[in-house]
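# Structure at a glance
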Amino acid sequence: MEAEASGLKKQQLHTKLNGPTNSMVTPLLTDLYQFTMAYAYWKARKHLERAVFDLFFRRNPFGGEYTVFAGLEECVQFIANFKFTEEDILYLRSSLPNCEDGFFDYLRGINCSDVEVYAISEGSVVFPKIPLLRVEGPIAVVQLLETPFVNLINYASLVATNAARHRFVAGKSKVLLEFGLRRAQGPDGGISASKYCYIGGFDATSNVAAGQLFGIPLRGTHSHAFVSSFMSPNEIIDKSLCRNDGSSTCEDFVSLVQTWLRKIQWTHSLHGVFGETNQSELAAFISYALSFPQNFLALVDTYDVMRSGVPNFCAVALALADLGYKAIGIRLDSGDIAYLSIEARKFFCAIEKEFEVPGFGNMTITASNDLNEETLDALNKQGHEVDSFGIGTYLVTCYAQAALGCVFKLVEINNLPRIKLSEDVSKVSIPCKKRCYRLYGREGYPLVDIMTGENEPRPKAAERVLCRHPFNESKRAYVVPQRVEELLKCYWPGDSVQTPYGVLKSRYPGK
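Below or above, wherever it landed, is the structure these notes cover. (Residues numbered from 1 in each chain as written. Predicted model: local features only at pLDDT ≥ 70, side-chain atom pairs only at ≥ 80, totals over all residues. Heavy atoms only, no water.)

### Observations concerning the side chain of Glu 122
Along the chain, the position of Glu 122 falls in the loop between strand S3 (116-119) and strand S4 (125-126). A polar atom in the side chain of Glu 122 sits 3.0 Å from the backbone nitrogen of Glu 73. (Helix = DSSP H or I, 4+ residues; strand = E, 2+ residues; numbered from the N terminus. Polar contact = N/O pair within 3.5 Å; in protein donor to acceptor, adjacent residues only side chain to side chain.)

Printed below as a string of structure tokens:
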């Protein structure tokens, strides 16, 4: 009875997971040599031999000291739905005409029920040489997983790390918005970037499809084109706006905004800061506020930030305040961001003081315009008043580094360790099936990650552990951990008797 229950549980695990986000991720999304090797394994009757592969990387990206692991969920969804269709088999027959019919019958019948996947939790900080995934199973099947796994993890981990680095420079208090869809490498690059930037520490995305797929919060306002499409407030047909509490309606919101603009112009503390503002811009702001009175955020640099954009925004925001609404703030997309943000904040604070509007000085200031780690750092050193950063090109394209460089290496077959040698020591693989641990110190901070053979004793809390570098004998240290965490957990159990660590659920809405 227990065996039947276990079998039912495994059957449910293998059938209830959706496929990968991108429908192009199929068993054919691999390199040709994976199939030629699979055929050679099959021909030599080695295809069922039990093999262990490690997926890892050799260097941290961007010249940094850590990496954020991502892509695991897509890998599990891929193997949960791993199956060759008849169309796949027909195409492979045409591409490999010299292979025997029995090989294609073998491919037709395989899935990943004999594969086990152990992995570090997605979103974890990881380091070179430590396996991100340990994949066990029939060598021919596991070999077919290599290219898709490396593909699904390489970019995911790279862009998640890039996002984490931007978060570190910006600081915890700033809101980070991913604006990279239009600059990403195709639709899949755009969707992946939104997902993994969120894992890496960003707060929201402009990508509507990613919001739908992953539950990531959406943010956005309007473009310069929207502002310049208006000529004057006379174009606005419906000028009415209901109060926020629904008690009454302002029949001419345009006139209310114009009244506030005149008041600002004649304010003693702001006298001489600006004269006539751009009426095209004012019309655009009024129109947008009428459409989104509870989420009014304006792009203020289409014409002149301080002489037009900010005063026009303030007039609309004050009119909204009269009706019980609170404007969000402004976005700067060009110019000297540090200087303009400081001047805009001064303007907001002067409005708050002059007209006694509580909280007006705390309007959100968002900045965009090809921002990256270096510009964020420069802004911090200059001093600025930006609350939120919209970052795109340099973030999603990982401009500073093209790829993470993950590799997938055989470390054991039929319980015998295997090693890949090289004159380049950095490319020598570490043999055998391993267990990986993170050792924590007294303050709760991690000290070091270590690898041991599968059958070696587990390190214990409060007991001294000798940690040695695998390739540099002079690098060694004794560590006394206060807590020990095993890093590799079972995320796909195959038909083993083990219980999976957990079917991956959506991690995004509950971030």
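### Some points on the environment of Leu 261
The residue Leu 261 is located in helix H10 (residues 253-265) in this model. Exposure remark for Leu 261: the relative accessible area of 7% places this residue in the buried category. The sequence separation of Leu 261 and Asn 312 amounts to 51 residues, and the corresponding C-alpha distance is 7.0 Å. Those residues within four positions of Leu 261 in sequence are excluded, and the remaining contacts are Phe 274, Thr 277, Leu 282, Pro 311, Asn 312 and Ala 315. (Buried < 20%, exposed > 50% of the residue type's maximum accessible area, 1.4 Å probe, protein only. Contact = heavy atoms within 4.5 Å.)

### With respect to the layout of surface pockets
Approximately 1300 Å³ is the volume attributed to the largest pocket. In terms of lining residues, the largest pocket is bounded by 40 residues, among which Asp 449, Ile 450, Met 451, Arg 468 and Pro 470 are the most central. Only strand S16 (434-440), strand S17 (446-453), strand S18 (465-468) and strand S19 (476-479) provide two or more residues apiece to the lining of the largest pocket. For the lining of the largest pocket, the element with the highest residue contribution is S17, accounting for eight residues. Considering only residue class, the lining of the largest pocket consists of 20 nonpolar, five polar and 15 charged. Forming the walls of the second largest pocket are 23 residues, and the residues nearest its centre are Phe 179, Arg 182, Arg 331, Asp 333 and Ser 368. Residues that form the lining of the second largest pocket fall into these classes: four nonpolar, 13 polar and six charged. (1 Å grid on protein atoms, 1.4 Å probe; cavity = no way out; pocket = protein on both sides within 12 Å on 5 of 7 lines; lining within 4 Å. Points joined across faces, edges and corners; volume = space filled by probe spheres on them. Nonpolar A, V, L, I, M, F, W, Y, C, P; charged D, E, K, R; others polar.)

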